[in-house]
Amino acid sequence: MQLFVAESGECGMTYEHSPAEGPPLMLLTDHILAYAEGKARQGSNLPALKFAPPRHLPFVLTPPLTDALTEASALLDALVADVDVALLHFSHWGTGEIKSLGFSPDSFIQTALQLAFYREQGEVGAHYESGGTRQFLHGRTEVIRSCSIESRQFCQAMEQGDGGPDTLMLMKTAIQVRLPYR
């Protein structure tokens, strides 16, 4: 996990997803921010374990390591220079309108992303929507929604250009479908 703070004061975190899902890291982030503000956190979390205080670890840069870092830095700079970013601030409607139609905003956006991927790649892409029970004893995170036959049928109908009631029904089905527990 890496925490970073910009000169502007903005901060962020990047981490490898496999050892921890988002909720524990959100709790950690909330704790860090509250600690920095001098506020005590209330909750039912287990007390912290006692560890030895951190100590300085000497780090010796050998010539091969210095060369590897120089090469990695140049490759990273080349990748950064090759990134194009465009931002569309969509303010026409949002979660309120999606909810008023009876859809989960997350499921609606996941289905829209499926369609975008299908239009770009010509096939449906795997996606992931988690369901968390981490707040309970032995809780964990599970996939509650994944790519489905219904989302593929919706994408195919949209590509055929039929925006009528049948396509709307396919969209509703794709958004609402849940995989059965196996």
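Below is a summary of the structure that appears in this document. (Residues numbered from 1 in each chain as written. Predicted model: local features only at pLDDT ≥ 70, side-chain atom pairs only at ≥ 80, totals over all residues. Heavy atoms only, no water.)

1. Quick notes on the overall build of the chain
Working step 1: In terms of regular secondary structure, the chain is built from six helices and four strands.
Working step 2: Listing each helix as α and each strand as β along the chain from the N terminus yields β-β-α-α-α-α-β-β-α-α.
Working step 3: A total of 182 residues make up the chain; the buried ones form 16% of that total.
Working step 4: In the chain, of all internal contacts separated by at least 6 residues, the share reaching a separation of at least 24 is 37%.
Working step 5: Only carbon and sulfur atoms are counted for the fraction: they give 60% of the accessible area of the chain, which is about 15,200 Å². (Helix = DSSP H or I, 4+ residues; strand = E, 2+ residues; numbered from the N terminus. Buried < 20%, exposed > 50% of the residue type's maximum accessible area, 1.4 Å probe, protein only. Contact = heavy atoms within 4.5 Å. Areas by Shrake-Rupley, 256 points an atom, 1.4 Å probe, with all protein chains shown as cover.)

2. Some details on the packing of helix α4 (residues 105-121) against helix α6 (residues 165-176)
Working step 1: At a minimum axis distance of 9 Å, the contact between α4 and α6 shows a crossing angle of 115°. α6 is crossed by α4, and the crossing has right-handed handedness. For the pair α4 and α6, the contacting residues are Ser 107, Phe 108 and Thr 111 in the first and Met 171, Ala 174 and Ile 175 in the second.
Working step 2: Classifying every residue of the contact of α4 with α6 by side-chain character gives four nonpolar, two polar and no charged. (Axes fitted to C-alpha atoms, helices over the stretch in contact; angles between N-to-C directions. Left-handed = near helix turned anticlockwise from the far one by under 90°. Nonpolar A, V, L, I, M, F, W, Y, C, P; charged D, E, K, R; others polar.)

3. Observations regarding helix α2 (residues 63-81)
Working step 1: In this model, α2 (19 residues) spans 27 Å end to end at C-alpha, consistent with the 27 Å of a helix rising 1.5 Å per residue.
Working step 2: Burial runs low along α2: only zero of the 19 residues are buried. (Expected span 1.5 Å × (residues − 1).)

4. Focus on the pattern of salt bridges
Working step 1: Tallying each qualifying case throughout the model produces two salt bridges.
Working step 2: Lys 39 serves as the salt-bridge partner of Glu 37, at 3.2 Å between the closest nitrogen and oxygen. The pair Glu 37 / Lys 39 is uniform in exposure class, with both members exposed.
Working step 3: Two residues, Glu 159 and Arg 119, come together in a salt bridge whose shortest N-O distance is 2.9 Å. Note that Glu 159 is positioned in helix α5 (residues 149-159) and Arg 119 in helix α4, a separation of 40 residues in sequence.
Working step 4: The exposure class assigned to Glu 159 is partly exposed, which follows from its relative accessible area of 43%. (Salt bridge = Lys/Arg side-chain N within 4 Å of Asp/Glu carboxyl O.)

5. Let's talk about the environment of Leu 3
Working step 1: Looking at the element boundaries, Leu 3 is found in strand β1 (residues 2-5).
Working step 2: The spacing of Leu 3 and Tyr 15 is 12 residues in sequence and 8.7 Å in space, taken between C-alpha atoms.

6. Description of the pairing of strand β2 (residues 11-14)
Working step 1: Across four bridges, β1 lies against β2 in antiparallel orientation. Bridged to Leu 3 within β2 is Met 13. (Pairing = 2+ DSSP bridges.)

7. What to know about the nonpolar core
Working step 1: If you look at the biggest cluster of nonpolar residues, it comprises 10 residues: Ile 98, Phe 103, Phe 108, Leu 115, Tyr 118, Phe 154, Cys 155, Met 171, Ala 174 and Ile 175.
Working step 2: Mapped onto this core, the elements with two or more residues apiece are α4, α5 and α6.
Working step 3: For Phe 103, the contacting residues outside a window of four places in its chain are Ile 98, Phe 108, Met 171, Lys 172, Ile 175 and Gln 176. (Core = buried A, V, L, I, M, F, W, Y, C linked by side-chain atoms within 4.5 Å.)

8. Side note on the packing of aromatic side chains
Working step 1: Scanning all chains against the criterion turns up three aromatic pairs.
Working step 2: Plain terms: the ring middles of Trp 93 and Phe 108 are 5.9 Å apart, the flat faces sit at 80° to each other, and that makes the pair edge-to-face. In this pair, Trp 93 sits in the loop between α2 and α3 (95-100) while Phe 108 sits in helix α4, placing the two residues 15 residues apart along the sequence.
Working step 3: In this structure Phe 108 comes out as buried when scored by relative accessible area, which is 16%.
Working step 4: Among the aromatic residues, ring-to-ring pairing joins Phe 90, Trp 93, Phe 103 and Phe 108 into one connected group. (Phe/Tyr/Trp six-rings, centres within 6.5 Å; stacked < 30°, edge-to-face > 60°.)

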